[in-house]
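# Geometric and topological summary
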Amino acid sequence: HGDRRGGHFGDLNLTADQKTAAHTLRKDMEAKAEPIWTQAREQMKTIESMLEAGNADATELGNKMITAHATRTQLKALRDDFDTKFSALLNADQLAKFQQFQAARKQSHDRMPEPPPGD
């Protein structure tokens, strides 16, 4: 959310109480997310190793991809929960700014790389 570098949370002009509550929410989310992030990194390393070996079993690889997707879904649920709880702390002006940030974040995550130019 950019608060570590004074980014997006700083743009919201949070009160001292809001900053304290947001910090608590963020720390709670991070504590829950860290083991899931570790799991996701390990899953992706396994998938990459299988692909690099060049002889991956398609069924095994597919099952690992499905499991990795489920892990990413858990992380998204944590982020969504944080966003909901954080939004509840904000006044109308702050909420409007935060929603703009959320929309920009979603757009940047949804953007797919451009395909390479044709031959």
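Below you will find a few notes about this structure. On a predicted model such as this, the values are computed, not experimentally measured, just so you know.

This paragraph deals with the nonpolar core. Core analysis: the largest hydrophobic core is formed by 15 residues, its most contacted members being Leu-12, Leu-14, Phe-86, Leu-90 and Phe-98. For this core, the secondary-structure elements that each account for two or more residues are helix H2 (16–53), helix H3 (58–87) and helix H4 (92–110). Per-element accounting of this core gives the leading share, 6 residues, to H2.

Inspection of every chain in the model, using the stated rule, returns 3 aromatic pairs. Between Phe-86 and Phe-98, the aromatic rings sit 4.8 Å apart at their centres with planes inclined by 70°, giving edge-to-face as the arrangement. Taken together, the positions of Phe-86 in helix H3 and Phe-98 in helix H4 put the pair 12 residues apart, joining distant regions of the chain. The same class applies to Phe-86 as to Phe-98, namely buried. The interplanar angle of 35° and the centroid separation of 6.2 Å between the aromatic rings of Phe-98 and Phe-101 together place this pair among those described as tilted. Of this pair, Phe-98 and Phe-101 are both found in helix H4, 3 residues apart, which corresponds to roughly one turn of the helix. Here Phe-98 and Phe-101 have matching classes, each one buried.

This part takes up the side chain of Gln-43. Along the chain, Gln-43 turns up in helix H2. Residue Gln-43 is classed as buried on the basis of its relative accessible area, which comes to 13%. Excluding anything up to four places from it in sequence, Gln-43 contacts Thr-67, Ala-68 and Thr-71.

Thresholds applied
- Residues numbered from 1 in each chain as written.
- Predicted model: local features only at pLDDT ≥ 70, side-chain atom pairs only at ≥ 80, totals over all residues.
- Heavy atoms only, no water.
- Core = buried A, V, L, I, M, F, W, Y, C linked by side-chain atoms within 4.5 Å.
- Buried < 20%, exposed > 50% of the residue type's maximum accessible area, 1.4 Å probe, protein only.
- Helix = DSSP H or I, 4+ residues; strand = E, 2+ residues; numbered from the N terminus.
- Phe/Tyr/Trp six-rings, centres within 6.5 Å; stacked < 30°, edge-to-face > 60°.
- Contact = heavy atoms within 4.5 Å.

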